[in-house]
Amino acid sequence: MLSVHGRKPAAVVVKPVAQALLRVGLTPNVTTLVGTAATVVASVVLIPADYLVWAALLSIFFAAFDMVDGTMARLSGGGTAFGATLDASCDRITDGALFAAIAMWLVYVDHAHPAHVAACLAVLVLSQVISYIKARGEAGGLRIVGGLIERPERLIIAVVGLLLEGFGVGGAVVVSLWVLLVGSAITVVQRLIFAARDPQSAERLAPPPGA
């Protein structure tokens, strides 16, 4: 939902940052890679070490690069097919790193019940499936927009759980994971319904090469 409605309000902050990065010579693709590397490091180093507040704050900061690089591409004449592919691939990497790190924290720091660890792993998988449905559908000419839990909502809920847990609210991470599990499962169903109802959904596809 936020990916559809939240871009215009965020542009007030994101656009000046994007302009500044372009002036110093950074490209959108380099910005994507730097943001991805920093987010992954923050997740896999800080979360398993129980520095949850710092991990949450840095995740918020570096997640902004996901909007900045796209704005940079538009300001510099428009994005490229490779840039869009790189950006989407890096999003999947950072999502995987975040929830893998949370799973490690649950096992080695929180000593959580196996059901909570399983919920975290399920969220990791569903987060990839939600994005894949959109990508695969659009590759087939379908329009799949929206859903209950998109990437911004997923990051916000996860980061809020980390922040609250870091400030001493026990069980906040676990609650956030179960909320994400239910919401992500609903979103998978929603996006499949969007795909099924698209006017192009019954179009025949050409067989793959070699078939």
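Let me begin by describing the structure that accompanies this report. (Residues numbered from 1 in each chain as written. Predicted model: local features only at pLDDT ≥ 70, side-chain atom pairs only at ≥ 80, totals over all residues. Heavy atoms only, no water.)

Turning our eyes to something else, we now look at the environment of Val-24. Mapped onto the elements, Val-24 comes out in the loop between helix H2 (7–23) and helix H3 (28–46). Exposure remark for Val-24: the relative accessible area of 64% places this residue in the exposed category. Between the C-alpha atoms of Val-24 and Ala-38, which are 14 residues apart in sequence, the distance is 19 Å. (Helix = DSSP H or I, 4+ residues; strand = E, 2+ residues; numbered from the N terminus. Buried < 20%, exposed > 50% of the residue type's maximum accessible area, 1.4 Å probe, protein only.)

Locating Ser-43 in the fold gives a position in helix H3. Here Ser-43 falls in the buried class, since its relative accessible area comes to 1%.

Further remarks concern the pattern of salt bridges. The final tally for this structure, using the stated rule, is six salt bridges. Asp-91 serves as the salt-bridge partner of Arg-151, at 3.4 Å between the closest nitrogen and oxygen. One end of the pair, Arg-151, is in helix H8 (residues 151–166); the other, Asp-91, is in helix H6 (residues 81–108), and 60 residues separate them in sequence. The class for Arg-151 is buried, based on a relative accessible area of 14%. The residue Arg-191 makes a salt bridge to Glu-150 at a minimum N-O spacing of 2.8 Å. Note that Arg-191 is positioned in helix H9 (residues 172–197) and Glu-150 in the loop between helix H7 (114–139) and H8, a separation of 41 residues in sequence. When its relative accessible area of 3% is taken as the criterion, Arg-191 is described as buried. Classification of Glu-150 by relative accessible area gives buried; the value is 6%. Among the charged side chains, a network of salt bridges with common partners joins Asp-91, Arg-92, Asp-95, Arg-151 and Arg-154. (Salt bridge = Lys/Arg side-chain N within 4 Å of Asp/Glu carboxyl O.)

Function cannot be inferred from these measures alone, as they are strictly geometric.
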